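# Structural description and commentary
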Amino acid sequence: MSGTSPVSGTSPESGTAAGRGLLIEGAGAIATLQGGLRRGPSQGQVELLRGEDLTVACWDDKIVAAGPADDVHRRIVAAGQSLESFARVDADGGLVTPGLIDAHTHLVFAGTRELEWQLRAGGAGYLEVLAAGGGILSTVAATRAASDRDLLAGARQRLAEMLACGTTTAEAKSGYGLDTATELRMLAAIGRLDAEGPVELVPTYLGAHAVPAEYRARANGTDAFVAHIVEDELPLVASQAIARFCDVFCEEGVFTAVQTARILAAAARLGLQLRIHADELAPSGGAELAAEMGCLSADHLAAPSDAGIEALARSAAGARPVVATLLPATSWFLGKHHFAPARRFIDAGVPVALATDLNPGTSPTVALPLVMSIACLEMGLTPAEALCGVTINAAYSLGIGDTIGSIEPGKQADLVVWEVSTVEQLPYWLGTRPARTVVKRGRVVFERG
Ligand code: NIG
Ligand code: FE
């Protein structure tokens with residue numbers, strides 16, 4: 001944005017209504033992330049507005065202008081609005097960014113799995129624990145047994161922490177029910193939490209997260225479970241309009257690429273958008289499938305094949321790129337020192353997003369700033385590349401890059417004022433919660449106490 005933008009268009013004729021306008025004043029820098037999806041070199045080219053007294057103006061739930069205070073004020077007055085009608089937030093020299101977007105979470109679950117973490121530290125593999133009925137299946141047992149009230153309470157607590165870390169939008173998956181009643185209960189919980197706000201949630205149906213015990217006992221249990229998902233569960237989920245995406249854990253020993261394709265094709269026919277847990281532990285054809293099926297996102301990608309990377313690169317060069325949503329906290333927590341080849345993706349022109357993968361088994365964290373730190377330290381991203389990964393590229397991975405993820409006039413006013421004043425210091429202060437003020441849809445929803 002060239003300094004400022006006109007207030008007109010998203011503003012009313014006069015600014016007399018109280019409480020509709022908000023000015024964030026005195027920012028030391030604004031990272032706008034404007035200009036759409038970023039891939040290749042543009043992933044790291046985060047232009048900053050810099051100055052003494054930078055301002056972002058919001059009206060109702062939209063951003064109307066950003067730039068030097070004088071310019072922004074002039075625009076507001078020229079649009080016939082009174083500056084007095086705007087509430088004010090003092091950024092005190094801090095960095096202002098778009099609200100962070102967590103494009104991959106398993107927000108709703110019951111129970112914890114710290115014992116399994118210790119088993120893994122003793123050498124047990126993640127899929128071994130799952131095959132023995134632990135792992136995802138132990139969270140499934142706890143989630144099925146939990147009341148709605150307890151599921152909601154746990155998720156609310158995590159959402160409050162996410163907000164304090166600067167997250168204003170998050171994807172949230174089902175997948176710890178693995179039976180129709182609990183899957184629907186999880187999606188209903190996500191819908192309710194989204195309605196409560198302030199963190200906006202994008203619901204994903206992940207009925208194919210693992211094969212539940214009831215089907216494991218049967219011959220061809222996995223195929224029978226896939227048939228149940230395609231024939232019974234997906235149509236119900238679609239008819240209730242409680243999920244925007246369908247996801248599948250496509251991995252050796254979980255669901256094959258063929259089974260994944262069958263589920264995703266059925267989901268697409270029902271109007272759902274697609275994403276995949278792809279190639280997390282071993283090359284399983286997930287990246288290739290994501291490109292072939294027009295998924296908006298392929299997630300994890302810690303072990304893609306060369307052909308998978310090439311397929312994503314080809315899709316990135318086309319009209320509907322698949323975003324590679326990388327989850328470095330998961331690789332870190334699994335202790336394998338095996339991270340997604342982020343630099344190869346960026347060099348190949350594949351747009352990269354970053355997410356927490358918040359879940360009780362492999363990534364018990366809500367903190368996107370920490371994920372940025374791990375991405376910089378372990379995958380060699382620059383802080384600017386990482387910031388792009390948790391803002392505009394994350395928005396595109398959720399199919400909402402035209403409404404959130406950057407500071408541009410007309411976009412939803414989701415903003416964070418940080419304690420720090422540079423992009424580099426966001427991932428630098430390890431494990432802190434550096435958000436000072438968080439704005440969602442033009443309203444202050446968090447202030448550091
Ligand atoms: O994204 N990999 C599959 N699903 C989750 C982990 C879920 C769990 O272990 O409970 C993930 O890492
Ligand atoms: Fe996941």
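Residues numbered from 1 in each chain as written. Chains lettered and ligands numbered in written order. Predicted model: local features only at pLDDT ≥ 70, side-chain atom pairs only at ≥ 80, totals over all residues. Heavy atoms only, no water.

On to the packing of helix α5 (residues 148-164) against helix α6 (residues 180-196), then. Working note: a packed helix pair is described by the angle between its axes plus the distance between those axes. Interhelical geometry of α5 versus α6 gives an angle of 45 degrees and a closest axis separation of 10 Å. One finds that α5 runs oblique with respect to α6. Once α5 is placed against α6, the crossing between them reads as right-handed. Counting all contacts with α5, which are made through D148, L151, L152, A155, R156 and L159, the residues of α6 involved are R185, A189, R192, L193 and E196. Looking at the contact of α5 with α6 residue by residue, the classes come out as six nonpolar, no polar and five charged. (Axes fitted to C-alpha atoms, helices over the stretch in contact; angles between N-to-C directions. Helix = DSSP H or I, 4+ residues; strand = E, 2+ residues; numbered from the N terminus. Parallel < 35°, antiparallel > 145°, perpendicular 65-115°, else oblique. Left-handed = near helix turned anticlockwise from the far one by under 90°. Contact = heavy atoms within 4.5 Å. Nonpolar A, V, L, I, M, F, W, Y, C, P; charged D, E, K, R; others polar.)

Turning next to the domain arrangement of the protein. According to the domain assignment, the protein consists of domain 1 (4-98 + 405-448) and domain 2 (100-397). Between the C-alpha centres of domain 1 and domain 2 there is a distance of 31 Å. Each side of the interface is counted separately: domain 1 has 34 residues, and domain 2 has 37 residues. Summed over both partners, the interface of domain 1 with domain 2 comes to about 2800 Å²; 69% of that surface belongs to carbon and sulfur atoms. For the pair domain 1 and domain 2, the number of links is three salt bridges. (Domains from an automatic or database assignment. Buried area = accessible area lost by both parts, 1.4 Å probe. Salt bridge = Lys/Arg side-chain N within 4 Å of Asp/Glu carboxyl O.)

The next thing to look at is the site of ligand 1. In the neighbourhood of ligand 1, 16 residues make up the surrounding shell, with Y126, Y176, E280, H300 and D357 lying closest. Within the side chain of E280, one N or O atom sits 2.6 Å away from a nitrogen atom of ligand 1. In this structure, D357 approaches ligand 1 through a side-chain N or O atom, which is 2.7 Å from an oxygen atom. Here ligand 1, which alone exposes 320 Å², has 100% of that area covered by the protein. (Near = heavy atom within 4 Å. Polar contact = N/O pair within 3.5 Å; in protein donor to acceptor, adjacent residues only side chain to side chain. Areas by Shrake-Rupley, 256 points an atom, 1.4 Å probe, with all protein chains shown as cover.)

Next up on the list: the pattern of salt bridges. Taken as a whole, this structure holds 25 salt bridges when the rule is applied. The partner of R38 in a salt bridge is E47, with the nearest N and O atoms 3.4 Å apart. Under the relative-accessibility criterion, E47 is labelled partly exposed at 44%. For R120, the salt bridge goes to E116, with nearest N and O atoms at 3.5 Å. One end of the pair, R120, and the other, E116, are both in helix α2 (residues 114-121), four residues apart, so they sit about a helical turn from each other. Residues joined in a network through salt bridges with shared partners are E171, K173, D247, R275 and D299. (Buried < 20%, exposed > 50% of the residue type's maximum accessible area, 1.4 Å probe, protein only.)

For the rest of this paragraph, the subject is the coordination of the iron ion (ligand 2). Ligation of the iron ion (ligand 2) by protein atoms is provided by H104 (NE2), H106 (NE2), H277 (NE2) and D357 (OD), these donors lying 2.1 to 2.3 Å from the ion. Of note, the donors binding the iron ion (ligand 2) are all from one chain and are spaced H-x1-H-x170-H-x79-D. With H106 in the loop between β6 (100-102) and α2 and D357 in the loop between β13 (352-354) and α14 (368-379), the pair connects residues that are 251 residues apart, well separated along the chain. (Donors = N, O, S within 2.8 Å, 3.2 Å for Na, K, Ca; no water.)

Inspection of the secondary structure assignment puts I190 in helix α6. Considered as a pair, I190 and A172 are 18 residues apart in the sequence and their alpha carbons are 6.9 Å apart. Residues within four places of I190 in sequence aside, it is in contact with V108, A172, K173, S174, L201 and P203.

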